[in-house]
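# Chains, contacts and geometry: an overview
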Amino acid sequence: ALNQSLSELHGQINVSFEFFPPRTSEMETTLWQSIDRLSGLKPKFVSVTYGANSGERDRTHSIIKDIKERTGLEAAPHLTCIDATKDELRTIARDYWENGIRHIVALRGDLPAGSGKPDMYASDLVALLREERDFDISVAAYPEVHPEAKSAQADLINLKRKIDAGASRAITQFFFDVESYLRFRDRCVTAGIEAEIVPGILPVSNFKQLQRFATMTNVRVPSWMSNMFEGLDDDAETRKMVGANIAMDMVKILCREGVKDFHFYTLNRAEMSYAICHTLGVRPAQG
Ligand code: FAD
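As the structure is a prediction and not an experimental result, all values here were calculated from the model. Here the residue numbers are simple positions, counted from 1 along each chain's written sequence. Given that this is a predicted model, residues contribute local features only at a pLDDT of at least 70 and side-chain atom pairs are listed and counted only at 80 or more, while totals for whole chains, interfaces and linings are drawn from all residues. Here the side-chain values reflect all heavy atoms present in the structure, with hydrogen atoms and water set aside.

### Overview of the overall build of the protein
Per the convention used, a helix needs a DSSP run of H or I reaching at least four residues, while a strand needs a run of E reaching at least two, with both numbered from the N terminus. Summing up its helical and strand segments, the protein has eleven helices and eight strands in all. Each principal axis of the C-alpha distribution contributes one length, and for the protein these read about 50 × 45 × 40 Å. Throughout this description, buried means an accessible area under 20% of the type-specific maximum (1.4 Å probe, protein chains only), exposed means over 50%, and partly exposed covers the range between. Within the protein, buried positions represent 49% of all 287 residues. Any two residues whose heavy atoms approach within 4.5 Å are treated as being in contact. Within the protein, contacts between residues separated by at least 24 positions form 79% of all contacts whose residues are at least 6 apart in sequence. Accessible areas in this description were obtained via Shrake-Rupley with a 1.4 Å probe; residue shielding takes into account the shown protein chains only. Surface accessibility of the protein: about 14,200 Å² in total, with carbon and sulfur atoms responsible for 47%. One way to put it: in the protein the 35 positive side-chain charges average out to a point 2 Å from where the 40 negative ones average out. For the charge count, each Lys or Arg is scored as positive and each Asp or Glu as negative, with His and the chain ends excluded. Taken as the charge location is NZ of Lys, CZ of Arg, CG of Asp or CD of Glu.

Structure below.
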């Protein structure tokens, strides 16, 4: 029944892909191979993350520019505000706009260890960007609650603040418990958030790395998932198949629940995201 409802949705699904700036020339080659393959699926947009260390901003900017030129796709840079002054952020925003960038993923960024209360939150960045130019703005949302939030309700109110400040969609932190996403989406509706809550899908191939990352980000890794990856530490190929299968199951259920937009954390690899998109009916144009 799940596959049947999926085939009825062909043509109605929108996807977007997230990449990060490569650190080596080898990684750069992989990135461009991935972008070339995934761009054939005509994503709604692709985004490039931004790290808070120096130099990364320029790299995000140049990759965004190259993606736009090479693929003609809508390319959205991520931008964080904890590491910059308001004047710097305004300059970056104007520069992006002048270079034809119309969509920004606006984030606060992670606080360095031991730092106090930040000067700016993502909602302040959204307001600043909106003041500058008429950007399309995406923000982050946390179905399983951001680790620093005082409560789930406070985190939800923060999301509403970001949308009210001018963001047009929220992209979620990755999750594996589909119910947690669905409950969160319901709570957003109840809170008066009308913007799309786009699920962030992380196709998992490196389970050990995921466990570390999930702990840091307050994402629950269900025991059934540990069970699925058990015994595969030295078997990357099978892990990839298992990971793709898990993500395919997730997107099928989400589709049945009315989700039409999906954001993929590609980790700069095309293979798994491409396969999952294929099962969603998102395929290259024929001919
Ligand atoms: P905010 O929305 O500002 O929220 C941060 C925390 O502060 C939350 O706990 C919130 O509840 C709380 N809060 C908000 N306002 C207030 C207030 N006024 N008073 C008290 N508490 C408040 N990081 C990067 O460095 N680079 C990236 O490119 C990047 N891309 C990401 C993409 C997505 C889709 C997601 C989900 C995350 C990404 N991150 C990235 C991680 C993100 O920067 C961290 O999760 C960060 O800790 C929070 O960012 P935010 O934009 O959600 O912050």
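Having seen the structure, we can now continue with the description.
### Considerations on the site of the ligand
The ligand sits among 22 residues. The nearest are Y50, D110, Y142, D155 and K162. Counting of polar contacts relies on pairs of N or O atoms within 3.5 Å, with two restrictions inside protein: one atom must be capable of donating a hydrogen and the other of accepting it, and residues adjacent in sequence are counted only when both atoms are side-chain atoms. Between the ligand and the protein, one listed contact pairs an oxygen atom with a side-chain N or O atom of Y142 at 2.7 Å. In the model, an oxygen atom of the ligand is placed 2.7 Å from a nitrogen or oxygen of the K162 side chain. When the ligand is considered free in solution it has 980 Å² of accessible area, and contact with the protein chains removes 85% of it. The greatest single-element share of the shell around the ligand, amounting to four residues, is contributed by helix α6 (residues 152–164). For the shell around the ligand, the residue count by class is nine nonpolar, seven polar and six charged. In this text, near means that some heavy atom of the residue lies within 4 Å of the molecule or strand in question. The nonpolar class holds Ala, Val, Leu, Ile, Met, Phe, Trp, Tyr, Cys and Pro. Asp, Glu, Lys and Arg form the charged class, and all remaining residues, Gly among them, are polar.

### A few points about the confidence of the model for the protein
One confidence number per residue, pLDDT, is output by the predictor and ranges from 0 to 100. The pLDDT averaged across the protein works out to 95; a share of 98% of its residues lies at or above 70. Scored as a complex, the prediction yields pTM 0.97 and ipTM 0.99.

### What to know about the sheet that holds strand β6 (residues 169–174)
Each pair of strands is called paired provided DSSP finds at least two bridges between the two strands. Spatial strand order, β1-β2-β3-β4-β5-β6-β7-β8: eight strands in a closed barrel with parallel pairing. Each neighbouring strand pair of the sheet contributes to a mean axis angle of 30°, computed without reference to strand direction. Angles here are taken between N-to-C directions and fall from 0 to 180 degrees, while the axes themselves are lines fitted to C-alpha atoms, restricted in helices to the stretch in contact.

### Quick notes on the packing of helix α10 (residues 236–256) against helix α11 (residues 271–279)
Running from N to C, α10 and α11 point in directions that differ by 35°, and their axes come no closer than 10 Å. Crossing hand, α10 versus α11: right-handed. Within the contact between the two elements, α10 uses K240, G243, A244, A247, M248 and V251 and α11 uses E271, M272, A275, I276 and T279. Tallied by class, residues from the contact of α10 with α11 come to seven nonpolar, two polar and two charged. Crossings are sorted by hand: turned counterclockwise from the far helix by less than a right angle, the near helix makes the crossing left-handed, and turned clockwise it makes it right-handed.

### Here we look at the pairing of strand β7 (residues 196–201)
Successive side chains on a regular strand alternate, one facing one side of the sheet and the next facing the other. Burial analysis of β7 places five of its six residues in the buried class, which makes it a mostly covered element. With four bridges connecting them, β6 and β7 associate as parallel partners. Paired with I171 across the bridge in β7 is V198. Call a crossover right-handed when, viewed with both strands pointing away from you, the route from the first strand across the helix to the second goes clockwise. Following the backbone out of β6, through helix α7 (residues 178–190) and into the adjacent parallel β7, one traces a crossover that is right-handed.

### Let's talk about the packing of aromatic side chains
The geometry of an aromatic ring pair is captured by the separation of the ring centres together with the interplanar angle, meaning the angle of the planes. The aromatic pairing rule takes the rings of Phe, Tyr and Trp, using the six-membered ring of Trp, and pairs them if the centres are within 6.5 Å, calling planes under 30 degrees apart stacked, those over 60 edge-to-face and the rest tilted. One pass over the full model with this rule turns up six aromatic pairs. Summarising the aromatic geometry, the rings of F174 and F176 are spaced 5.7 Å apart at their centres and angled 55° between planes, so their arrangement reads as tilted. Taking 4.7 Å as the distance between ring centres and 15° as the angle between the ring planes, the aromatic pair formed by F207 and F229 counts as stacked. In this pair, F207 sits in helix α8 (residues 207–217) while F229 sits in helix α9 (residues 223–229), placing the two residues 22 residues apart along the sequence. Take F207 and F229: they sit in the same class, and that class is buried.

### Describing the pattern of salt bridges
For this analysis, a salt bridge means a side-chain nitrogen from Lys or Arg found within 4 Å of a carboxyl oxygen belonging to Asp or Glu. Evaluation of the coordinates by the stated rule reveals 14 salt bridges. R94 serves as the salt-bridge partner of E132, at 3.1 Å between the closest nitrogen and oxygen. Highlighted residues: E132 in helix α5 (residues 122–132) and R94 in helix α4 (residues 86–98), separated in sequence by 38 residues. In this structure, D136 engages R169 in a salt bridge whose closest nitrogen and oxygen atoms are separated by 3.1 Å. With D136 in strand β5 (residues 136–141) and R169 in strand β6, this residue pair connects regions lying 33 residues apart in the sequence. Since its relative accessible area comes to 24%, D136 is described here as partly exposed. Residue R169 is classed as buried on the basis of its relative accessible area, which comes to 11%.

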